[in-house]
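Structural characterization, general
Okay, here's what each chain looks like letter by letter:
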Amino acid sequence: MEAIYKTPKTLIDTPTHYCPGCGHGIVQRLIAEIIDEMDIRGKTIGLAPVGCAVLAYNYLDIDMCEAAHGRPPSVATGIKRVHPEKIVFSYQGDGDLAAIGTAEIIHTANRGENITVIFVNNAVYGMTNGQMAPTTLINQKTLTTPHGRSEKNDGYPLRVCEILSVIDGSRFIARTSITSPKNIIKTKQLLEKGFKTQIQEKGFSLIEILSPCPVYWRMSSVESLKFIDKEMSTTFPLGIFKDWESRN
Amino acid sequence: MSEKVILAGLGGQGMMLLGRLIAQALMLEGKNVTFYPSYGTEVRGGTAYYHLTVSEEEIFSPVIEEADTLIMMNLPSYLKFKGFLKPDSMLFLNSSMIDKIENEMNIDVYRIPATKIANNIGNVVASNMVMLGAYNEVKNLVSIPVFLSCLKNVLKGRKEPFYEVNKLAIERGAEFVRKY
Amino acid sequence: MTSTEKNKKYLLTGNEACAEAAIQAGCRFYYGYPITPQNEILTHMAIRMPQVGGTFIQVESELAAINMVYGSAAAGARTMTSSSGPGISLKQEGISYLAGSELPCVIVNIQRGGPGLGDISPSQADYFQAVKGGGHGDYHTIVLAPGSVQETADLVFDAFDLADCYRNPVMILSDAQLGQMMEPVVFNKKCKPNLYKKDWALTGADGRKRNIIKSFYPVKGELEKFNAKLQKKYRQIKAEEVRYEEINIENADIVIVAYGTCARICKEFLKKGQSLNVKVGLIRPITLWPFPADIIQKVSERVQAILTVEMSAGQMVEDVRLSVSGRCPVHFYGRTGGGIPTPKEILKKISEIVSVREKVTCTT
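The rules behind the values
Residues numbered from 1 in each chain as written. Chains lettered and ligands numbered in written order. Predicted model: local features only at pLDDT ≥ 70, side-chain atom pairs only at ≥ 80, totals over all residues. Heavy atoms only, no water. Contact = heavy atoms within 4.5 Å. Salt bridge = Lys/Arg side-chain N within 4 Å of Asp/Glu carboxyl O. Polar contact = N/O pair within 3.5 Å; in protein donor to acceptor, adjacent residues only side chain to side chain. Helix = DSSP H or I, 4+ residues; strand = E, 2+ residues; numbered from the N terminus. Nonpolar A, V, L, I, M, F, W, Y, C, P; charged D, E, K, R; others polar. Disulfide = S-S within 2.5 Å. Buried < 20%, exposed > 50% of the residue type's maximum accessible area, 1.4 Å probe, protein only. Pairing = 2+ DSSP bridges. Phe/Tyr/Trp six-rings, centres within 6.5 Å; stacked < 30°, edge-to-face > 60°. Buried area = accessible area lost by both parts, 1.4 Å probe. Expected span 1.5 Å × (residues − 1). Domains from an automatic or database assignment. Axes fitted to C-alpha atoms, helices over the stretch in contact; angles between N-to-C directions.

Our next topic: the interface of chain B and chain C. Of the residues lining the interface, 23 residues belong to chain B; the matching set on chain C comes to 24 residues. Counting every contact that joins chain B to chain C gives two salt bridges. Its salt-bridge partner being Glu 65 of chain B, residue Lys 272 of chain C comes within 3.8 Å of it at the nearest N-O pair. Summed over the shared surface of chain B and chain C, the result is four residue pairs in polar contact (both at pLDDT 80 or more). Mapped onto the side of chain B that touches chain C, the elements with two or more residues apiece are helix 1 (15-28) and strand 2 (32-37) of chain B. When its residues are assigned to classes, the side of chain B that touches chain C shows 12 nonpolar, six polar and five charged.

Attention shifts here to the state of the cysteines. By definition, a disulfide links the sulfur atoms of two cysteine residues through a covalent bond. Summed over all chains, the structure comprises zero disulfides over all chains. Here Cys 52 of chain A is not disulfide-linked; the sulfur of Cys 213 of chain A is the nearest cysteine sulfur, at 6.4 Å. Residue Cys 52 of chain A is classed as partly exposed on the basis of its relative accessible area of 25%. Take Cys 191 of chain C: it sits in no disulfide, and the sulfur closest to it among the cysteines is that of Cys 27 of chain C, at 10 Å. On the accessibility criterion, Cys 191 of chain C (37% relative accessible area) is partly exposed.

Moving on, we get to the pairing of strand 11 (residues 254-257) of chain C. As a general feature of sheets, a regular strand has side chains that alternate between the two faces. Residues and elements named next belong to chain C. Here strand 11 shows a buried face lined by Ile 254 and Ile 256 and a second buried face lined by Val 255 and Val 257. As paired strands, strand 11 and strand 12 (residues 280-285) are joined by four bridges and run parallel to one another. In the sheet register, Val 257 faces strand 12, and the bridge partner there is Ile 283. The pairing of strand 11 with strand 14 (residues 305-310) spans four bridges and is classified as parallel. Residue Val 255 lies in a different strand from strand 14, and its bridge partner there is Ile 306.

Looking now at the arrangement of the chains. Contacts are most numerous between chains A and C, considering all two pairs of chains that are in contact. Between chain A and chain B there is no contact, and the shortest C-alpha to C-alpha separation is 28 Å.

Glancing now at the packing of aromatic side chains. Residue and element names in this part refer to chain C. By the definition in use, this model includes 16 aromatic pairs over all chains. Between Tyr 127 and Tyr 259, the aromatic rings sit 6.0 Å apart at their centres with planes inclined by 40°, giving tilted as the arrangement. Within this pair, whereas Tyr 127 is found in helix 5 (residues 127-131), its partner Tyr 259 is found in the loop between strand 11 and helix 9 (260-272), the two being separated by 132 residues in sequence. The exposure class assigned to Tyr 259 is buried, which follows from its relative accessible area of 1%.

What follows covers the interface of chain A and chain C. Taken together, the 36 residues of chain A in the interface contact 33 residues of chain C. Summed over both partners, the interface of chain A with chain C buries about 2,600 Å², with 59% contributed by carbon and sulfur atoms. Contact with chain C buries area across many residues of chain A, yet Asp 63, Glu 66 and Arg 81 of chain A alone supply 21% of it, more than any other trio. Its salt-bridge partner being Asp 63 of chain A, residue Arg 208 of chain C comes within 2.6 Å of it at the nearest N-O pair. Taken together, the connections running from chain A to chain C amount to 21 residue pairs in polar contact (both at pLDDT 80 or more). Put simply, the parts of the chain that give the side of chain A that touches chain C at least two residues each are strand 1 (44-48), strand 2 (63-66), helix 2 (72-82) and helix 4 (102-110) of chain A. Taken together, the residues of the side of chain A that touches chain C break down into 17 nonpolar, nine polar and 10 charged. The pairing of strand 2 of chain A with strand 9 (residues 212-213) of chain C spans two bridges and is classified as parallel. Note on strand 9 of chain C: the bridge partner recorded for Met 64 of chain A is Ile 212 of chain C.

On to unusual backbone geometry. Omega for the peptide link from Thr 36 of chain C to Pro 37 of chain C comes to 10°, which places this bond in the cis form. The residue Pro 37 of chain C is located in the loop between strand 2 (29-32) and helix 2 (39-51) in this model. Between Gly 114 of chain C and the following residue, Pro 115 of chain C, the backbone shows a cis peptide bond with an omega angle of 0°. Locating Pro 115 of chain C in the fold gives a position in the loop between strand 5 (105-111) and helix 5. The backbone of Asn 139 of chain A shows a phi angle near 75°, a positive value even though the residue is not glycine. Within the secondary structure layout, Asn 139 of chain A lies in the loop between strand 6 (131-132) and helix 5 (151-154).

What follows deals with helix 4 (residues 127-139) of chain B. Residues and elements named next belong to chain B. With 13 residues, helix 4 should reach 18 Å at 1.5 Å per residue; the first-to-last C-alpha distance of 18 Å fits that figure. Judged by how many residues are buried, helix 4 sits mostly within the fold: 10 of 13 residues are covered. Within helix 4, burial applies to Ser 127, Asn 128, Met 129, Val 130, Met 131, Leu 132, Gly 133, Ala 134, Tyr 135 and Asn 136. Downstream of helix 4 by a residue or two, Asn 140 has a phi angle that is positive, lying close to 55°.

Attention shifts here to the domain arrangement of chain C. Residue and element names in this part refer to chain C. In terms of domains, chain C is made up of domain 1 (10-240) and domain 2 (245-363). Summarising the inter-unit geometry, the C-alpha centres of domain 1 and domain 2 are found 29 Å apart. The interface is formed by 32 residues belonging to domain 1 together with 25 residues belonging to domain 2. The three residues of domain 1 that bury the most area against domain 2 are Gln 124, Tyr 127 and Phe 128, which together make up 31% of that side's buried surface. Here domain 1 is connected to domain 2 by three salt bridges.

On to the sheet that holds strand 12 of chain C. Residues and elements named next belong to chain C. Taken in spatial order, the five strands line up as 10-12-11-14-15 in an open sheet, and their pairing is mixed. Both edges of this open sheet fall to strand 10 (244-247) and strand 15 (330-334), since each of them pairs with a single strand only. The mean angle between the axes of side-by-side strands here comes to 20°, regardless of whether they run parallel or antiparallel. On top of the sheet, helix 11 (residues 316-324) reaches strand 11, strand 12, strand 14 and strand 15; it is set at about 160° to strand 14, its chief contact.

Right, here's the structure in full:
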């Protein structure tokens, strides 16, 4: 009998610390699958952020590096410049990438650094118990926006893909979600494209993944997925924003 | 032997190059040298100044408190640094840009119309080299060929066409003080 | 400059010598941001790195610079960044992470006057920041303080070796005067980039167990264990790496403790001799951390007084006092905000110390 579903070699077989219904486990499994399928485990180096995914190195069986909050793109740059033949990716959350690390992500994209960024956007700070993120939606309630995010006091949700796609140095920019098997398959394809962009030395790639945080959204897992499809995807439309393969 | 020189002029008058050439030449002759430039906001038009110390012995402080020599290219420079003179100091003035001074301590003053001489040989920018020629002739520090080889080194590439006029300027400066 | 020859003398600024020495020591990854008075390091690296197949990036911020250093160090390369006070403050987050992840690298601080934007003139007011940590957590960087352009170059070579040896960031603590002045320098030290095996580095886990570079220890007890390991390393560095220069301390009545530019001024004072009827010696710390506490303790048992001279309001003097532990009086003379002590001022201070001492002797 042939096994048709098994744990990827690169995914360490251990319980994760993620909350029930969290999207990080899905995304990290996809990364492990891709590393296996592309047979690049021996030459891939990953960056773990400060945030919920800080312990990603407990789950991915590859060389990995922690980085200070917001700095993974710079650390990745430092690694990639030493090992240009290796595949370097950073795994970042919304606070890390779109708040404290805004300068780093913009300038790394602008240098056209040949790395892949996996940006998990769940519109909230999870690790610190659910404060407002730069991507928190208008009127969304968090610990620090108890009456909902107000544009007057807190500004607007930051659209990272839209910003990065107008930067000359970026090559592949896409937004996706993991709310259904179909979307998960799509996400895997886009992540593959990100790695392919790097392997073919095309330059900077970023894949933003809208991901559920049922615990700090105060929703059930099913409601969370609906929230992404109905609310979040309106503010953050899915799609490919820039693609070096299709010049228009 | 020990020599403490303060060089100053308008930013752009080439004091940096002048000081570096003297330092480089004396270094090649086996002397200890420190050359401490003013830095930062001194751009073209401001007063740029440099402390150059040469000695057979180890040099400690690069900052000069009393100068053996002042080489001053314009009046604001002289006014700024005259307090560093002592009774046995020597003063080299670019007399094209400094009219009259009160020589209270009655020190040796060499008035060299450096800008005018440089102008006459076709390049006003070479006034620094006129001063170099004069200063070296009086102090007898380095042989002219050593200066010229340093100069050639500095003016490599893009600036090579300026070598001849600079060489001539050094010679004219030396000639001027020989007749002094 | 396109290359350097052994035994040849070059007339270079301290900054240029620092940059060139780094290249000679095998540093191929430099990241920097402009700030006076260290700009010549960037300029030199921008020219030289492409010539030697290295990487120079003018970064968007000091945060990016220190984190690129973190990345290149994690990847196993010799790497450096440089700045002056305001920029070094920004780098502190990264330096704490480098220490916490035990990554070797070299950080250069060409000190300028502070606090705040301060000015661009020489200063030694970043001593506390350099030797007491600077960033968060219990850590130390090895801190080397050159006293000349030649020593700047030599210490940069040593800094890379020390960093690799101990897996620890090393800081070169220089100042605007030493960075800006030109002196003859020869590059005769050997490049030893492969002296220490970096089997911990991130290279892709091809055919081996994966490597992880991290400073996060969330499981109770782990972090304490890790800190104990760090402290053990620091004790070893303290035992083995202290460096200082001593002049005439054997029969001295008064010993001056000064480093970098201030030590040069004090040497000038010693050279000039004094009309004073006291013998003055000098201890010049070359490693500021580890601090040469033992020799200072030793001399404090026999001298009448110690004088610390700094371009600060009194920072290293605290470490001198700790070393002396009340065995003799410790005096301080300092200038701030770009002021540089002069030999005359030091003479005056020594005279004061002597006259106070004589008065005390007379009355008792």
